Amino acid sequence: MKNRWSESEASEYIAKFGEIQGKDLALRTYASRLIGEESALVLHGGGNTSVKSSVTDVFGEQQPAIFVKASGHDLAGIEPEGHTGLALDDLQPLRSVPELPDAAMVNELRTHLLGAGAATPSIEALLHAFLPQKFIDHTHADAILALTNRPDGAQLVAEIFGDEVIVLEYILPGFDLSRAVADAFDQKPQAKGMVLMKHGLLTWGETAQQSYVATIELVSQAEGWLKKVVSQALKPKETTSPKLALQRYRKLAPVLRGCLAIPTQNADSPYRRFILQPLIGQPVLDLLGSKQGREMLQSPPLTSDHLIRTKPLPLWLNDLQFDDADRLREQIAAAIAEYAKQYDAYYWRHAEESDEKLERFDAMPRTILIPGVGAVCVGRDKKDAGIVRDIAAHTLAAKAVIAASGSYEGLSEKHLFEMEYRGLQHDKLAAAAEKPLHRSVALVTGACGAIGSGICHELLANGCHVAATDLLGDQLESLAAEFSQEFSERIIAVPLDVTDEAAVEEGFAQVIEAWGGIDLIVINAGLAHVSSLADMETAAFRKLEQVNVEGTLHMLSAAARHFKAQGTGGDIVLISTKNVFAPGAKFGAYSATKAASHQLARIASLELAEFDVRVNMVAPDGVFGDAKHKSGLWAEVGPDRMRARGLDEQGLEEYYRGRNLLKQRITAEHVAKAVMFFATRQTPTTGATIPVDGGLPDATPR
Ligand code: ZN
């Protein structure tokens with residue numbers, strides 16, 4: 001591992017943060033970022049760092065202080081505020097207390113914060129306070145975990161590092177570990193660092209650089225040893241190409257996602273769903289296909305820090321019948337039910353002796369290992385599942401190294417339970433309340449138009465993962481780029497031509513690959529054309545038929561197959577039009593083809609009800625776009641209508657507003673709100689239409 005310390009970068013940090021935050025915290029920030037950016041050292045909020053310094057109190061006196069990384073903060077990109085300041089003189093005496101339960105420990109930490117509103121520091125804060133050195137770095141380095149998760153780990157560490165390092169057996173992080181670390185240090189104060197078995201590494205120094213360099217040196221030494229003993233990768237029994245694995249994953253993911261969804265007994269929101277992230281690549285496939293695969297990989301995590309993300313054990317799914325859909329579903333359902341049963345048994349084996357009174361968590365696996373497919377990672381949203389995937393990637397690689405040079409021995413079940421059912425750990429995850437569509441995936445067609453983009457925005461704002469689909473082009477790319485600024489990884493752009501059945505199939509598969517399945521389909525793509533029947537060109541009429549009728553058919557048909565495979569119901573919303581109920585002269589092609597698509601959606605509501613798929617329609621009157629998202633429909637028909645009525649763009653909008661009862665201008669946002677009404681299942685409704693037209697008595701469905 002490379003030492004990335006640079007004097008000039010360090011000076012830049014001092015120049016940037018030194019004046020207000022002090023030089024110590026500036027350098028703490030720099031070195032913490034160097035560590036955080038190295039995924040082989042820490043992953044997603046893992047690890048912690050500290051610096052002992054001083055602050056001036058209100059009397060102008062200097063007071064000793066310690067700054068410790070705040071709980072749940074990520075070392076990568078950390079700001080100076082990411083380290084919480086505490087009164088050091090109040091923390092150090094705690095070392096003499098014989099025991100300190102978590103709640104009392106957090107109370108001590110919180111009542112000795114330097115800022116009343118500061119974030120709670122890491123649960124390892126006292127460990128930092130009890131050690132005397134100025135700078136301390138604590139990482140969960142892959143190479144250290146690969147040495148310590150073995151039956152002979154302690155001996156191995158002693159052989160590799162000799163006297164330079166202290167070795168400490170596994171102790172639950174918190175007060176007991178903090179005291180044990182300080183005691184062990186007192187025995188050997190000349191050591192360069194400390195290896196915490198099945199947990200990680202501690203290094204220290206009088207300067208930020210010293211401590212950082214010690215981490216890099218010790219980790220490099222561990223890496224060097226591992227490289228020497230692991231001469232070749234494990235041989236797979238059978239090889240699978242990533243291409244075949246991906247094909248299988250696309251078929252299997254909705255079934256898997258459906259089986260993982262937890263029934264809620266609430267018909268309006270029948271499942272707590274998950275988002276899936278696959279980890280597919282040749283090394284992973286070879287590892288899963290190796291002789292030692294199952295024994296080696298279906299084992300506890302490398303460090304207890306990963307537990308709240310991964311659960312104690314992954315689910316192993318083998319001998320799946322990929323080409324027999326019914327059998328595949330049975331196999332997956334049975335394996336998940338068995339996993340849940342085992343998880344319950346584990347819970348009850350330990351719950352009674354536990355002091356913590358945390359309710360049992362859901363019994364669903366977070367990492368699913370499937371030979372011939374890869375690792376499937378499970379989370380409540382894309383971000384969450386992505387973190388599980390990163391942990392899985394590092395875990396699989398480290399376990400492979402161990403298997404090639406010895407055998408794996410992870411944490412005991414008791415230790416796993418202690419850490420999994422620990423309130424403090426879960427406070428880290430206590431994120432903002434989930435939005436109504438947080439765990440859902442939507443596919444929207446015609447996303448680039450005014451209505452389509454309005455719907456995408458509304459769904460995204462309500463927590464949904466949205467696949468914006470439209471014809472391939474710059475417009476689609478810029479739409480996704482625009483939304484990703486606000487909603488980051490919850491938006492993807494998928495080129496999809498609804499008139500092409502194969503393209504629809506491929507579009508569905510791409511969304512499934514991205515998130516594991518689809519829960520809501522908004523059929524919005526449509527074309528308009530203005531012509532009297534007398535002048536109608538058949539070719540123009542057929543073009544509308546293709547998009548409005550066949551396009552809807554392709555979407556409904558693919559949706560029906562998908563929802564049956566996923567098996568957890570779903571919602572379809574068709575963007576219809578007021579013209580279905582009240583057609584306009586010269587709108588023959590549009591009104592007739594939209595009426596056909598509307599009728600198809602009603603048929604779908606009849607056919608899919610038994611699968612708990614609700615199909616509803618939203619019928620807007622003319623929607624005008626804004627400067628950013630032009631209405632495609634109006635670009636097509638607007639100028640003609642304007643000419644017919646002798647109006648300009650503004651005048652046409654006024655005309656439409658004036659013709660409805662409420663004298664309202666209809667916006668894409670209004671249409672999107674109606675979609676949300678159905679998507680969130682506010683009422684037990686299917687086959688129904690909501691008009692969004694300001695009140696047009698002729699167009700009110702009846
Ligand atoms: Zn740790």
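Use the structure listed above.
Residues numbered from 1 in each chain as written. Predicted model: local features only at pLDDT ≥ 70, side-chain atom pairs only at ≥ 80, totals over all residues. Heavy atoms only, no water.

Draft legend 1. Just the pairing of strand β18 (residues 570-575), in detail. The element β18 is largely enclosed, with a buried count of 6 among its 6 residues. The alternating pattern of β18 places G570, I572 and L574 and D571, V573 and I575 on opposite faces, both of which are buried. Of the pairings in the sheet, the one linking strand β17 (residues 520-523) to β18 comprises 4 bridges and is parallel in character. Its bridge partner being in β18, V522 is matched across the sheet by V573. Crossover β17 to β18 through helix α21 (residues 538-566) is right-handed. Bridge count for β18 against strand β19 (residues 613-620) is 6 bridges, and the pairing is parallel. Paired with V573 across the strands is N616, a residue of β19. (Buried < 20%, exposed > 50% of the residue type's maximum accessible area, 1.4 Å probe, protein only. Helix = DSSP H or I, 4+ residues; strand = E, 2+ residues; numbered from the N terminus. Pairing = 2+ DSSP bridges. Right-handed = clockwise from strand over helix to strand, strands pointing away.)

Draft legend 2. Layout of the sheet that holds strand β6 (residues 193-196). Taken together, the 7 strands give an open sheet; going across it, the order is β3-β2-β1-β4-β7-β6-β5, and neighbouring strands pair in mixed fashion. Lying at the two open borders of the sheet, with one neighbouring strand each, are β3 (83-87) and β5 (165-168). When strand polarity is set aside, the average angle formed by the axes of neighbouring strands in this sheet is 20°. Where β5 and β6 come together, 4 bridges link them in parallel fashion. From the neighbouring strand, V165 faces β6, where its bridge partner is G193. Strands β5 and β6 of the sheet are contacted by helix α7 (residues 153-161), whose axis makes an angle of about 180° with β5. (Axes fitted to C-alpha atoms, helices over the stretch in contact; angles between N-to-C directions. Contact = heavy atoms within 4.5 Å.)

Draft legend 3. Just the packing of aromatic side chains, in detail. Going through the model one piece at a time under the given rule, you end up with 17 aromatic pairs. On the basis of an interplanar angle of 55° and a centroid distance of 5.1 Å, the ring pair of Y347 and Y421 is categorised as tilted. Residue Y347 is located in helix α14 (residues 325-351), and its partner Y421 is located in the loop between α16 (413-420) and α17 (423-429); the two are separated by 74 residues in the primary sequence. The same class applies to Y347 as to Y421, namely buried. Taken together, a centroid distance of 4.7 Å and an interplanar angle of 20° make the contact between F417 and Y421 stacked. (Phe/Tyr/Trp six-rings, centres within 6.5 Å; stacked < 30°, edge-to-face > 60°.)

Draft legend 4. Quick peek at the coordination of the zinc ion. At 2.1 to 2.7 Å from the zinc ion lie its protein donor atoms, namely E124 (OE), H138 (NE2), H140 (NE2) and H199 (NE2). Considering all 4 donor atoms around the zinc ion, the spread of angles at the metal, 79 to 165°, places the coordination shape in the irregular class. Written as a sequence motif, the donor arrangement for the zinc ion is E-x13-H-x1-H-x58-H. Of this pair, H138 sits in strand β4 (residues 135-139) while H199 sits in the loop between β6 and β7 (200-205), placing them 61 residues apart in sequence. Classification of H138 by relative accessible area gives buried; the value is 1%. Given a relative accessible area of 2%, H199 falls into the buried group. (Donors = N, O, S within 2.8 Å, 3.2 Å for Na, K, Ca; no water. Tetrahedral: all angles 85-135°; square planar, octahedral: opposite > 155°, others 65-115°.)

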